[in-house]
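# Summary of the model geometry
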Number of protein chains: 2
Amino acid sequence: MRLCLVLLGGLIAATPALADEGMWMPSQMPALAAQLKAAGYTGQPGSLANLAGPPLNAVVKVGGSTGAFVSADGLVLTNHHVAYGVIQYNSRPERNLLREGFVAHARADELPANPDYRVLVTTGFDRVSERVLAAAKGKTGRAYFDAVDAASKALVAECEREPGMRCSIANMYYGSDFYLIRQLELRDIRLVYAPPEAIGRYGDDIDNFMWPRHSGDFTVLRAYVGKDGKPAAYWADNVPYRAPAHLQIARDGVKAGDFVMLAGYPGTTYRHRMASEFAEQIGWRLPAQVDALGRLIAIIEDEGGKDPAAAVTYASQLAGLKNSRKRFQGELEGLVRSDGIAARKQQEDAMLAWLDRAALPAATRADIDAAQALLAQASATRERDLLIGQVSTQTQLLRLAMVVQRLAIERGKPDQARESGYQQRDEALIEGQLKQLQRRYSPVVEQRLLADIVQRYQQLPAAQHVPEFDAAFGRTPEELQQILTRVYGSTRFGDEAVRLASLKAEAPSLAASDDAMLQLAAKLLPATLRLEDERKRRDGELLRLRPAYMAAQIAWYRSQGRSIYPDANSTLRLSYGKVAGFSPRDGVDYAPVTTVAGIVQKHTGKAPFDAPAPLLAAIARGEFGHTADPVLKTQTVDFLSNLDTTGGNSGSPVLNARGQLVGLNFDSNWEAVSASWKFDPRYKRAVHVDMRYLRWLMEKVYPAPELLQEMNLSP
Amino acid sequence: MRLCLVLLGGLIAATPALADEGMWMPSQMPALAAQLKAAGYTGQPGSLANLAGPPLNAVVKVGGSTGAFVSADGLVLTNHHVAYGVIQYNSRPERNLLREGFVAHARADELPANPDYRVLVTTGFDRVSERVLAAAKGKTGRAYFDAVDAASKALVAECEREPGMRCSIANMYYGSDFYLIRQLELRDIRLVYAPPEAIGRYGDDIDNFMWPRHSGDFTVLRAYVGKDGKPAAYWADNVPYRAPAHLQIARDGVKAGDFVMLAGYPGTTYRHRMASEFAEQIGWRLPAQVDALGRLIAIIEDEGGKDPAAAVTYASQLAGLKNSRKRFQGELEGLVRSDGIAARKQQEDAMLAWLDRAALPAATRADIDAAQALLAQASATRERDLLIGQVSTQTQLLRLAMVVQRLAIERGKPDQARESGYQQRDEALIEGQLKQLQRRYSPVVEQRLLADIVQRYQQLPAAQHVPEFDAAFGRTPEELQQILTRVYGSTRFGDEAVRLASLKAEAPSLAASDDAMLQLAAKLLPATLRLEDERKRRDGELLRLRPAYMAAQIAWYRSQGRSIYPDANSTLRLSYGKVAGFSPRDGVDYAPVTTVAGIVQKHTGKAPFDAPAPLLAAIARGEFGHTADPVLKTQTVDFLSNLDTTGGNSGSPVLNARGQLVGLNFDSNWEAVSASWKFDPRYKRAVHVDMRYLRWLMEKVYPAPELLQEMNLSP
């Protein structure tokens, strides 16, 4: 439909997107001008490429997610869940801000965030591909990877010479392009306004990922700087940051079909992965993970049923496993529903067929074939790699014994050369884990988990076997059982004092330890290091080879007059679309806007459906006035759009056709879990807090007239 | 809205209904002519009062529910679940008609139903109030009840003197009016067409009560009579019944807003009960039942967890308890959502206030007050009555000991005077129960259930205590425990031979039995008989007094120009309304029509979502042709309307404005479980099979061209 409009207009160069899919780099927006206009945007598309001007210079990275300036004096609007740590940090038993919410009526009342909380303002987004890749040219494998890494680090160091700047290199299109991201690092952030958790997280885990939703998932912070206007750590004398631009919260609301646009920092997507990777993800990895986690869950639940102490000890691991399994199941379900394997295969086949006819350098096709071969090679041991990964991620005692052995080795290197996670800065964290093991570990449960994992490893064909693992665990279930009984029966590594002492030991003495668990770890370590090295070599090669695939893909898209965007990588992106409900299944339609009636319907009085009394009373009074929806005649709460988002877009501002703030992104729907791989326009929706709900709460439920005035929203 | 239309037309006498509520007696239809026309009906409303003409003489009672003639040669269309027993009766391991479905391509292939299966054609519906009440005048209590009962029995006997007739007395408006129902009893019913269970019950218990729905819940039967045209038992030479009229299945479908009308035999509703009864049902009885059943469920589940044998033994009782609790919960939830107590109270208060001003006989108000007092009196012991009821319904061994003791006493009376359930015809059933006890009973579980019930009884105030129960069970939990341990430890009633022998014993010897369980039953029996007698006395009085309340209510409705219908009582009723979806909660809309896409979405390959391969293949082919919806462009399956229905309306024909059959009623939505007490127009919906789905299945999936031709539906 959009394609037709553009073709009719003869604007093939403007390259239409596929449906409403797209996490565009700001620099791509001018080329999308025709589509933006056709979709209803009334501003200047060209201005959306300008990081130094509104609206983009008002969009910031907050606590790993997104937020936006909403006043000239540095007010930052983000999600309650993005600012959760800040609210928690300021809560005391006698003044629980999570429970009660918080309103600072004067600047002096604003509460400092935890010292590591940051607001980052992107000020530069420059292509530096030539400099990053210069030294890598001609190299392969690990050497290629290391050259890119070294050049990147040099660029970052140079950039960060300017005080108050945080820099990073972003890899676009899988190694095709590199961008230097410059961000002003604001370090004095304060809490200004938070609704009670029973509003900000209404429905919590039960409603998470679900629609219809009724959360007021927002919080207002303020960024402060030194009196010199430069970023500074918290200091009582600091002054509010004079934001170069801020977004104006709209006085109008939204309705189905309205144009909306969103800017933010989406984390990771895999949409341009190869068809073979789609097939592996959907056909093997997701089902295998669902199955593997299910086995571990069943063991922990069985042991927990027999021993209440074990149930408590493993509660956190169990919750994590279940959460992951749910995510994997959702992703699998979505990708199957969207026919992910066949759709991607068809697309890739068409692309490769075109490539064979097109005049691209022959090296392109050779690189693509080499990358495919490399992925196939990795796949040959995928079952083993999954199980060996679980040996160290799903055990507690064995995992820490391996960490201690590895740390002793890494300590022999200069700190910068140590593996990430084993540097000096990480040692306190490792010590903490050694200490808290007691609360996470039961020898009975761990033996059963490990036995299950290794028995499945033992059943794999010989080609997937690793000599060190065979030697350490034996080759039959009986041998394994004997070994585990002996190791867990005799080890003293279960004693905290023994573990902490091992942290101080030298590598040779640890490697020669007579403790059965440390011995086991020492036997496995050479193999895990070797497998890690193989993986890094392969990753380096893929970094070198994938750009050929992406170049072919980009050229193929261009040949059809279509635009393409790089997969998400936590850099600033824009998406545009419209307010839209959807049909999750035959016979059911989800309305795009929810109302306060749903809060009352869901209220049970018990968390997470324990709407605060002042909110229920205000709903019962029904005085919604100018924040009420003109058609629904009641107060709206959240709304849905078809904007293209992923994790990291939490707190992203949602703008209307005039660039005014109408919503705050905070979640996706369950049916869209698979969108990190595939955008299915039938099901991909994003969930936003309606700014009318924010205004109503700030006006009538937990009033903050000063803030409304500062945001130019006085009733 | 309907009220406005009528008032504008100056037709106050035509008495509009409240919204689309109403299970009207056929005789009431002419008075609703204006509303029917306004709603879109194009036929003659007067003809809807005529039992001897179409469409009503095509609507029949089938297997306790409803069906309709759909051909001149006696084809009867009803639900798959209404004909379930017929299909089951004809299934063999080697030819499982439930699983495979069934198509009779010739009359000779049609299979006889189980011999007790009946199709009843209502031929008379006559008011006989004067004759029923003549002898009751001046009497009270039990005597009033007995007089009504005797007069009714005499009328029925007189009516049934005509061969082939089945007659009954229907009590309308709670004893205000009595009707003699005459029904032709067709006894040779044969199975003609049934889709596989995986279509007819697609979704089964999981989808039961749910929307969106995707069941093809229909079956075609044929009624046969003797060669003389008179009802007869199955005989190979019998001939198809020449139905005096039949319904024509429509060739058009339905869409949201279309007028629809339904005729059938709704079972029981309580909408005209008094406000105090609403308050007791919602405020006490439903929560008390949910709680009481929950306690029993918890005990059975706990014991089942400890002993797998007990889990098997109590599986059926547990399923029944859970099913009942779910119904009670749904009813409670719905009545609370519809504010049932306050709404009914407000209505009754207004009615009584009007009554005090109106010129009704003073006796009316006195009778109403007396009925209220009687209900209050019953309420005073409601906790005890609930618990004492559970003693005999939720135990197995004790219950049967009480049945045996009671039967011995009843045997001392002439058969006609025996209590229902203890007549000669019931003895085989009782013997069966005595035999199958072994598969339903565990002494450990029963002791715990009984202890829980009786301990709660022991905690009741003295006024609710019954001397015999106190004497038999003791007054403290400790005494109770001793007694139960002794009784269950020493009784030999757990042996089948002992139980069967007890069935042959005389009353005096049984009463003097030295078996502890029979002794316990003998001690409790006088109290249960006394309480039963009290209840019957009260029921008789209410039968005498309630007509005053109903008379006031009818007069009050009439004073406002509104019609009123009697509560449902399994007699032929009509309702009219429209095709309509609804919003079950904020943000969610249910479409009124489902499509085959939902069958594929729900399909898991495992029952109850195991759509048959021929169906899935036909959906995949997408050849829907003339049965496809013109707007949705696909095959519809089920649809929703706001028609007023309740249990018993299963299989009711749904007619369009021209009187053609567009749907077959088969269920209600979960949100409407409470409609037996209160019709809430926001949530009350009925679920129907779309006749276009039936036609498509019969044309293209499991073809039956002969039947389509007979029903004048050849493509």
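For the structure, check the block above.
Residues numbered from 1 in each chain as written. Chains lettered and ligands numbered in written order. Predicted model: local features only at pLDDT ≥ 70, side-chain atom pairs only at ≥ 80, totals over all residues. Heavy atoms only, no water.

## Examining helix 17 (residues 443–458) of chain A
Residue and element names in this part refer to chain A.
- For helix 17, spanning 16 residues, the distance from its first C-alpha to its last is 22 Å, which sits close to the expected 22 Å at 1.5 Å a residue.
- With respect to burial, helix 17 is a largely interior element, 12 of its 16 residues being buried.
- Taken together, the buried positions of helix 17 are occupied by Val445, Glu446, Gln447, Leu449, Leu450, Ala451, Asp452, Ile453, Val454, Arg456, Tyr457 and Gln458. (Helix = DSSP H or I, 4+ residues; strand = E, 2+ residues; numbered from the N terminus. Expected span 1.5 Å × (residues − 1). Buried < 20%, exposed > 50% of the residue type's maximum accessible area, 1.4 Å probe, protein only.)

## Looking at the packing of aromatic side chains
- Applying the stated criterion across every chain, the model contains 30 aromatic pairs over all chains.
- With a centroid separation of 5.4 Å and 75° between ring planes, the pair formed by Trp24(A) and Tyr565(A) is classed as edge-to-face. Here Trp24(A) is found in the loop between helix 1 (2–8) and helix 2 (33–39), whereas its partner Tyr565(A) is found in the loop between helix 22 (516–559) and strand 13 (573–578), with 541 residues between them in sequence. Each of the two residues, Trp24(A) as well as Tyr565(A), counts as buried.
- For the pair Tyr270(B) and Trp677(B), a centre-to-centre distance of 4.9 Å together with 20° between the ring planes defines the contact as stacked. One end of the pair, Tyr270(B), is in the loop between strand 12 (259–264) and helix 9 (275–306); the other, Trp677(B), is in the loop between strand 19 (661–668) and strand 20 (686–690), and 407 residues separate them in sequence. (Phe/Tyr/Trp six-rings, centres within 6.5 Å; stacked < 30°, edge-to-face > 60°.)

## Points about the side chain of Asp680(B)
Residue and element names in this part refer to chain B.
- Relative to the elements of secondary structure, Asp680 occurs in the loop between strand 19 and strand 20.
- Residue class for Asp680 comes out buried when judged on its relative accessible area of 8%.
- Here Arg682 takes part through its side chain, which lies 2.8 Å from a polar atom of the side chain of Asp680. (Polar contact = N/O pair within 3.5 Å; in protein donor to acceptor, adjacent residues only side chain to side chain.)

## Re the sheet that holds strand 13 (residues 573–578) of chain B
Residues and elements named next belong to chain B.
- Spatial ordering of the open sheet is given by 13-12-18-19-20-17-16, a layout of seven strands whose pairing is antiparallel. In the strand order of this sheet, the two ends are held by strand 13 and strand 16 (593–595), each with one partner. Recorded for the sheet is a direction-independent mean angle of 30° between the axes of neighbouring strands.
- Note: strand 17 (residues 636–641) against strand 20, four bridges, orientation antiparallel. By the bridge assignment, Ser641 is partnered in strand 20 with Ala686.
- Helix-sheet contacts for helix 25 (residues 691–701) involve strand 17, strand 19 and strand 20, and the interaxial angle to strand 20 is about 30°. (Pairing = 2+ DSSP bridges. Axes fitted to C-alpha atoms, helices over the stretch in contact; angles between N-to-C directions. Contact = heavy atoms within 4.5 Å.)

## Digging into the relation of the copies chain A and chain B
- Each copy of the sequence occupies a distinct position, and chain A is placed on chain B by a rotation of 180° and an axial shift of 0.0 Å, giving an RMSD of 0.1 Å. Viewed as a symmetry operation, the transformation between the two copies matches a two-fold axis. Closest approach to the rotation axis within chain A is made by the C-alpha atom of Asp589(A), at a distance of 2.5 Å.
- Interface overlap between copies: 100% of the residues of chain A at the interface are likewise at the interface in chain B, consistent with a symmetric, same-surface contact. (Least-squares fit on C-alpha atoms with pLDDT ≥ 70 in both.)

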